[in-house]
Amino acid sequence: MKKLIALFAVSAVASTSAVAAIALSGTASVSYDDNGSSPSATSYDADLLFTGTAGTTTVTVGMDVDGSGGVNTAGSMTSGAMGMTSATMATTIGPVTIAADMFNEASIGTTDGGNLLEGTKSMDTGVTISLDAPIGDATVGVDNSGNVTISGTWSGVTMSHTSKSAGDTTTASAAIAGMDVSVTNKAGATTWSLGTTVSGVGLTLASSQKVTATFGLAGNTMVVTSVPKRASAVSVAGVHGTSHGTMAISEKASYATVAISRALTSGATLAATYNTFDDSLTLKASVAF
């Protein structure tokens, strides 16, 4: 009997420990959009993320729970029901990192740009094994796809270069004279962004000519964004196993948005956004936990 009681006690402690290693987080929101001259609409969204940890191993499972639809394991969108959005596991064995993607998210692009429909489950799910080794001030990494990455920080500049079949990617970022500077070159195309704070106003400028200003206003946070005209672009096919390509992008005229948000004592955040593109006003109440 004593052995049975001891075994039960150990089992209870183990179960308690397992439960304590599981974290639940999520977001929820309700939005009302007057849609300018078009009919108004109300939308909502709710998502949950389950995170389990045991030592250096982490498992995450994401779910869309508002009934607006998820993606099934065949890569097709379903509507009117809850749906999974992710399922991953990652662990480390010394300098080796093993990451498993166990769910086919099948990222679906839109006319605003994005990924091509990823297609079969075998293209999206899989296991990535990578090895990171410090060599002097740099870290050299290689994964089972043959991608080699060299990264490190020198004289305050953080740099990373990845060599892969779909096109090399080099990034560099640094804080220079009060400005955060970031430059990325991917397959020969260079983009950059600058960020700084002037008299309490946070300013960002990107190579796309997009400008954003963030500042406090009577206890609220106000964000003003100017988005330049966007030219059309054709789709780019992906490379199997390394890239899923990009969708065709449609032309769009320039526009600006003004968003004012405020954190409420209830724990929710209330935001109002005006968009000059369609002369619409959107009211959104959201919460994150």
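Residues numbered from 1 in each chain as written. Predicted model: local features only at pLDDT ≥ 70, side-chain atom pairs only at ≥ 80, totals over all residues. Heavy atoms only, no water.

1. Description of the overall build of the chain
Looking only at helices and strands, one finds two helices and 18 strands in the chain. In the chain, buried positions account for 16% of the 289 residues. Looking at the chain alone, contacts between residues at least 24 apart form 31% of all its contacts between residues at least 6 apart. When the accessible surface of the chain is totalled, it reaches about 17700 Å², and 64% of it is carbon and sulfur. (Helix = DSSP H or I, 4+ residues; strand = E, 2+ residues; numbered from the N terminus. Buried < 20%, exposed > 50% of the residue type's maximum accessible area, 1.4 Å probe, protein only. Contact = heavy atoms within 4.5 Å. Areas by Shrake-Rupley, 256 points an atom, 1.4 Å probe, with all protein chains shown as cover.)

2. Side note on the layout of surface pockets
Roughly 170 Å³ of volume is contained in the second largest pocket. As for the second largest pocket, its lining consists of ten residues, of which Val227, Pro228, Lys229, Arg230 and Tyr255 are closest to the centre. Per-class residue counts for the lining of the second largest pocket are four nonpolar, one polar and five charged. (1 Å grid on protein atoms, 1.4 Å probe; cavity = no way out; pocket = protein on both sides within 12 Å on 5 of 7 lines; lining within 4 Å. Points joined across faces, edges and corners; volume = space filled by probe spheres on them. Nonpolar A, V, L, I, M, F, W, Y, C, P; charged D, E, K, R; others polar.)

3. A short note on the packing of aromatic side chains
Inspection of the entire model under this criterion finds one aromatic pair. Considering the side-chain rings of Tyr255 and Phe277, the 5.9 Å spacing of their centres and the 65° angle between planes classify their relative orientation as edge-to-face. Pair noted here: Tyr255 is in strand β16 (residues 255-263) and Phe277 is in the loop between β17 (269-275) and β18 (280-288), with a separation of 22 residues, a long-range link. Assessed through its relative accessible area of 45%, Phe277 is described here as partly exposed. (Phe/Tyr/Trp six-rings, centres within 6.5 Å; stacked < 30°, edge-to-face > 60°.)

4. Some remarks on the side chain of Thr91
Structurally, the position occupied by Thr91 is in strand β4 (residues 83-93). Engagement of the side chain of Thr91 in a polar contact is seen with the side chain of Thr57, the distance being 2.7 Å. Sequence-distant contacts of Thr91, defined by excluding residues within four places in its chain, comprise Thr56, Thr57, Val96, Thr97 and Ile98. (Polar contact = N/O pair within 3.5 Å; in protein donor to acceptor, adjacent residues only side chain to side chain.)

5. Comments concerning the confidence of the model for the chain
Here the chain shows a mean pLDDT of 82. Residues at 70 or above account for 76%. Every residue in residues 1-20 scores below 50 in pLDDT, and together they form zero contacts with partners more than four places removed in sequence or on other chains. (pLDDT = per-residue confidence, 0-100.)

6. Here's the deal with the side chain of Asn275
Its location among the elements puts Asn275 in strand β17. Within the structure, the side chain of Asn275 is placed 2.8 Å from the backbone nitrogen of Phe277, a separation counted as a polar contact. Sequence-distant contacts of Asn275, defined by excluding residues within four places in its chain, comprise Tyr255, Ala256, Thr257 and Ser280.

7. As for the pairing of β4
Summarising the sheet, strand β3 (residues 57-64) and β4 pair through seven bridges and their orientation is antiparallel. Looking at β4, one finds that Val59 is bridged to Met89. Both β4 and strand β5 (residues 96-101) contribute to a ladder of six bridges, which runs antiparallel. If you follow Ile93 over to β5, its bridge partner there is Val96. (Pairing = 2+ DSSP bridges.)

8. What about the environment of Lys284?
Looking at where Lys284 falls in the secondary structure, it is placed in strand β18. Distance in space between the C-alpha atoms of Lys284 and Ser261 is 9.1 Å, their sequence separation being 23 residues.

9. Re the pattern of salt bridges
Per the stated rule, a full pass over the model turns up one salt bridge. Between Glu251 and Lys229 there is a salt bridge whose closest N-O contact spans 3.4 Å. With Glu251 in the loop between β15 (220-227) and β16 and Lys229 in the loop between β15 and β16, the pair connects residues that are 22 residues apart, well separated along the chain. Lys229 gets classed as exposed once you look at its relative accessible area, which sits at 58%. (Salt bridge = Lys/Arg side-chain N within 4 Å of Asp/Glu carboxyl O.)

10. Notes on the pairing of β3
Pairing geometry for strand β2 (residues 41-54) and β3, over eight bridges, is antiparallel. Looking at β3, one finds that Leu48 is bridged to Met63. In this structure, the hairpin formed by β2 and β3 is closed by a connection of two residues, where Gly55 is found at a positive phi of approximately 65°.

11. Here we look at unusual backbone geometry
The backbone of Ala187 shows a phi angle near 50°, a positive value even though the residue is not glycine. When you line up the elements, Ala187 lands in the loop between β11 (179-186) and β12 (189-198).

12. Notes on a nonpolar patch on the surface
Residues Leu24, Phe50, Val287 and Phe289 make up a contiguous nonpolar surface patch of about 360 Å² in total accessible area. Mapped onto the secondary structure, Leu24 falls in strand β1 (residues 22-33). (Patch = residues over 30% accessible without salt bridge, like charges linked within 9 Å, V, L, I, M, F, W, Y side chains within 5 Å.)

13. Points about the environment of Lys164
Checked against the element boundaries, Lys164 lands in the loop between β9 (157-163) and β10 (169-176). For Lys164, a relative accessible area of 29% corresponds to the partly exposed category. In this structure the C-alpha to C-alpha distance between Lys164 and Thr149, which are 15 residues apart in sequence, comes to 8.9 Å. Ignoring anything within four residues of it in the chain, the contact list for Lys164 reads Asn147 and Thr169.

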